[in-house]
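Observations on chain architecture
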Amino acid sequence: MQTVRVCGDNQLWRYDAVSFFGSRVSFRSTRVSFGAPRRSRVVSKVVKRSPKRLKYTSGSRFTKEDGLVYVEADPSASDSWKLEPIVSMLKQGAVGVIPTDTLYAIVCDLRSHSAIERLRRIKNIEASKPLSILCYSFRDIDKYTVGFPRGDGQGHANLFKAVKHCLPGPYTFILIASKELPKQCIRFGTSSAKYASRKNVGVRMPDDAICQSILKEMDAPLICTSIKFQKEDEWMIDPVMIADTYGPEGLDFVVDGGVRVAEPSTVVDMTKLPPKVLRQGKGPILHWMELEDDQMIDVDKDLIPAGI
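Residues numbered from 1 in each chain as written. Predicted model: local features only at pLDDT ≥ 70, side-chain atom pairs only at ≥ 80, totals over all residues. Heavy atoms only, no water.

**A closer look at the nonpolar core**
In plain terms, the rule: The nonpolar core is taken to be a set of buried Ala, Val, Leu, Ile, Met, Phe, Trp, Tyr and Cys residues, with the residues joined through side-chain atoms within 4.5 Å. Residue burial is assigned from relative accessible area. The probe radius is 1.4 Å, only protein chains are included, and a residue is buried under 20% of its type maximum, exposed over 50%, and partly exposed in between. Secondary structure counts use DSSP, requiring at least four H or I residues in a row for a helix and at least two E residues in a row for a strand, with both numbered from the N terminus. In this description, contact between two residues means that some pair of their heavy atoms is separated by no more than 4.5 Å.
Grouped together as the largest cluster of nonpolar side chains are 49 residues, with contacts concentrated most on Ile133, Phe148, Phe173, Ile223, Leu251, Met270 and Trp288. Where this core is concerned, the elements lending two or more residues are strand 5 (68-72), strand 7 (104-109), helix 3 (113-123), helix 4 (138-144), helix 5 (159-164), strand 9 (169-176), strand 10 (200-205) and helix 8 (239-246). Once residues within four sequence positions are removed from consideration, Met270 is found in contact with Phe148, Pro149, Leu159, Val163, Phe173, Ile174, Leu175, Pro275 and Trp288. Among the nonpolar cores identified, the runner-up in size contains 24 residues, and Ile86, Met89, Leu134 and Cys224 belong to it.

Structure follows, in structure tokens:
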């Protein structure tokens, strides 16, 4: 058992963190209240909050519901000290929810095989579906993929320079995975011929202060997947509703960075030239991208990772 002490705003909060490989959090603390109320946020959609939800949005720095750790963080990450326990939990194998510059994402440490399995189970993602990774820098991308096309002397431009102007930003770039990427992140468990030679991964570098603060303190990228209602094909953008819905499924924590707009990233396949846009989202289509036609074949559709 490890005791973590978190200080800030002249307040002290203490909890006992146990192993997060499927376990819950044991607290030994009284609630800590802030002197000033949390500032209001402008949101794109008004959400009616039930009394149950109000448990998550009290003045405490951290609150919990049935073992779920819920952290309210300023969207600017000016209170990034609140995220230190979240980083510690992720490194121990926790699975939780953080905001990005598009949607909320269920995430876990790329190096934890058990956490990846739990993430797939919580989201009900089939084993053959590739996952995306959240990266802090191009160094991470170079380590876990073969990188971006850098020109071939046959008229194809060096796209790395173009991509540098897009990231951080609301794009998912599909790249060929390197040997450093765990097999659980790419397709496995299938003998289908069309999957045999494909080992691709979706790569994201979000332009979100909270997400970047967490990634900066990690030693490796985070596996990620987007969040939808369990019985509806619609994005979940309210962190309180996400906690209510997926907390019972096994989430360890939720970081609340405010209600988001339901707009996913633009997915671009960089494994072929010219790069093809497989899904148009928040990121604008640039001149060096080719928009895939409406008759996208099943193989191309399957390239879209369970990302954000």
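Moving on, there is more to tell.
**Side note on the side chain of Asp208**
Operational definition: Distance and chemistry together define a polar contact, namely a pair of N or O atoms within 3.5 Å, with one atom able to donate a hydrogen and the other to accept it when in protein, and with adjacent residues in sequence counting only for side-chain atoms on both sides.
Counting through the fold element by element, Asp208 comes out in the loop between strand 10 and helix 7 (209-217). Asp208 sits in the buried class, given a relative accessible area of 6%. Polar side-chain contacts of Asp208 include one of 2.9 Å to the backbone nitrogen of Cys211.

**Section: the confidence of the model for the protein**
Applied cut-off: pLDDT: the predictor's confidence for each residue, scored from 0 to 100.
Confidence in the prediction of the protein, expressed as mean pLDDT, is 75, and 67% of residues score 70 or more. The model gives residues 1-65 a pLDDT under 50, and that stretch makes 148 contacts with residues more than four places away or in other chains. A low-confidence stretch, residues 188-197 stays under pLDDT 50, and its non-local contacts, those more than four residues away or across chains, total 10 contacts.

**Topic: the environment of Leu215**
Following the sequence through the fold, Leu215 ends up in helix 7. Between the C-alpha atoms of Leu215 and Met205, which are 10 residues apart in sequence, the distance is 9.6 Å. In contact with Leu215, not counting residues within four places along its chain, are Leu134, Cys135, Tyr136, Pro206 and Leu222.

**Focus: the pattern of salt bridges**
Keep this limit in mind: Each reported salt bridge corresponds to a side-chain nitrogen of Lys or Arg within 4 Å of a carboxyl oxygen of Asp or Glu.
One pass over the full model with this rule turns up nine salt bridges. Here Asp109 makes a salt bridge to Arg111, at a shortest N to O gap of 2.7 Å. The exposure class assigned to Asp109 is buried, which follows from its relative accessible area of 3%. With its nearest N and O atoms 3.7 Å apart, the salt bridge here joins Asp269 to Lys272. Residue Asp269 is classed as buried on the basis of its relative accessible area, which comes to 0%.

**Overview of the pairing of strand 5**
What counts here: Pairing between two strands requires that DSSP report at least two bridges joining them.
Most of strand 5 is tucked away, with five of its five residues classed as buried. Alternating positions in strand 5 separate into two faces, Leu68, Tyr70 and Glu72 on one and Val69 and Val71 on the other, with burial throughout. Relative to strand 12 (residues 253-256), strand 5 runs parallel, the two sharing four bridges. Opposite Val71, over in strand 12, you have Val255 as the bridge partner.

**Things to note about the pairing of strand 7**
In terms of burial, strand 7 is largely enclosed, as six of its six residues are buried. Pairing analysis gives four bridges linking strand 6 (residues 96-99) to strand 7, with the strands arranged antiparallel. Note that in strand 7 the partner of Pro99 across the bridge is Tyr104. A loop of four residues connects strand 6 with strand 7, the two strands running antiparallel in sequence. Judged from the five bridges that link them, strand 7 and strand 11 (residues 222-226) form a sheet pairing that is antiparallel. Across the sheet, the residue bridging to Ile106 is Thr225, located in strand 11.

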